[in-house]
Amino acid sequence: MDTAGSAAASGPSDPVLLRVDDGLARITLNRPERLNAFDPDLAHAWAEVTTEATSRDDVGAIMLEGAGGSFCAGGDVQAMAAGGVAGGADISRLAEVINRGIRALTESSVPVVAAAHGTTAGGGLGILMTSDYAVVGADSRIGSLYANIGLTPDLSVSAQLARAVGERRALQLVLQARLLSATEALEWGLVAEVVSAEDPGEIAARVKARAEEVARFWLAGAYRAYGEAKRLIRSQPSRSFADHLSEEARTIGAMFDTTDAQARIAAFAAGTRRPSAPESQEKA
């Protein structure tokens, strides 16, 4: 993807960081001292940053990551217990704010990769599933754990989990106090790759490096076609079968008329080799 350099849209102390560099928007949850758990400031920043990233013309891929040792621990339970919210109505309103960001990512035509090292739990599981391709570390743990504190799934967990792993496995996860290992998450189809390292301290860096490789592969190729393919699959449940077939037909026709597709079709017909995906260590 050809873009005009890079741009920083946030400061180092902001609850969510955004950096756009050569077509890649890197979104970083930035509350490492709280395992990147959501409080009101993080919720509003998340909604703003994701909306901006998905609406920018210079963004062709998005990478989600968490600062520190974990990806996202969901809601900040300690803040809730300390009176950080007045009641259930506040919790619902906060969830709706975060949902704006979830919808921005899942409904966009921009492919999203997650670098989900460390722990992902509660609403963090929903944030993980906003990505279209998830990379985790060999030491990662992923689960629901809502019932441990007497709450029910939010942030798209009940909307997306069964689609990702099947209804029976979704029920197993939300009806137990269970954290999946990275290997289990891979076997269930919840993540795409597991990255390991001889030095455990290097795993987070390698997870992020691998996720960026995936994003750069998209950007080096037909990133608009990848994005439209993502949109078609994500949006299918909202249409009847017949309507979705029509949307498929409309989209492939629109893509055929792009200069990128015309060049790639001509290269394919001429037998020119196209770029292939970089090898991963472990794949779904």
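Our subject is the structure listed above.
Residues numbered from 1 in each chain as written. Predicted model: local features only at pLDDT ≥ 70, side-chain atom pairs only at ≥ 80, totals over all residues. Heavy atoms only, no water.

A.B. asks: Help me out: how do you make sense of the packing of aromatic side chains in this one?
C.D. replies: Aromatic rings considered in pairs are described by the distance between their centres and by the relative angle of their planes. One pass over the full model with this rule turns up two aromatic pairs. A centroid spacing of 6.1 Å and a plane angle of 85° characterise the contact between Phe38 and Trp46, whose relative ring orientation is edge-to-face. Neither Phe38 nor Trp46 differs from the other in exposure class; each is buried. A ring pair is formed by Phe217 and Tyr226, whose centres lie 5.8 Å apart and whose planes are at 50°; its orientation type is tilted. With a relative accessible area of 17%, Phe217 lands in the buried category. A relative accessible area of 33% means that Tyr226 is categorised as partly exposed. (Phe/Tyr/Trp six-rings, centres within 6.5 Å; stacked < 30°, edge-to-face > 60°. Buried < 20%, exposed > 50% of the residue type's maximum accessible area, 1.4 Å probe, protein only.)

A.B. asks: What is the right way to read helix α3 (residues 88–106) from this model?
C.D. replies: The periodicity of an α-helix, 3.6 residues per turn, causes residues three or four positions apart to be oriented the same way. Taking 1.5 Å as the rise per residue, α3 with 19 residues should run 27 Å; its terminal C-alpha atoms sit 26 Å apart, in good agreement. All buried positions along α3 are accounted for by Leu94, Ala95, Val97, Ile98, Gly101, Ile102, Ala104, Leu105 and Thr106. Next to the buried residues of α3 lie α1 (40–55), β4 (61–66), β5 (112–116), α4 (123–128), α5 (157–165) and α9 (223–235). (Helix = DSSP H or I, 4+ residues; strand = E, 2+ residues; numbered from the N terminus. Expected span 1.5 Å × (residues − 1). Contact = heavy atoms within 4.5 Å.)

A.B. asks: Mind showing me how you'd approach helix α11 (residues 259–269) here?
C.D. replies: Every buried residue belonging to α11 is among Ala261, Arg264 and Ala267, and all of these are buried. Taken end-on, α11 shows its buried residues confined to a sector of 130°, consistent with a single buried face. More than 90 degrees from the buried face of α11, the exposed residues found are Thr259 and Ala269. Of the surrounding elements, those touching the buried residues of α11 are α8 (203–220) and α10 (241–256). Gly271 sits one or two residues past α11 and shows a positive phi near 80°. (Arc of directions from axis to C-beta.)

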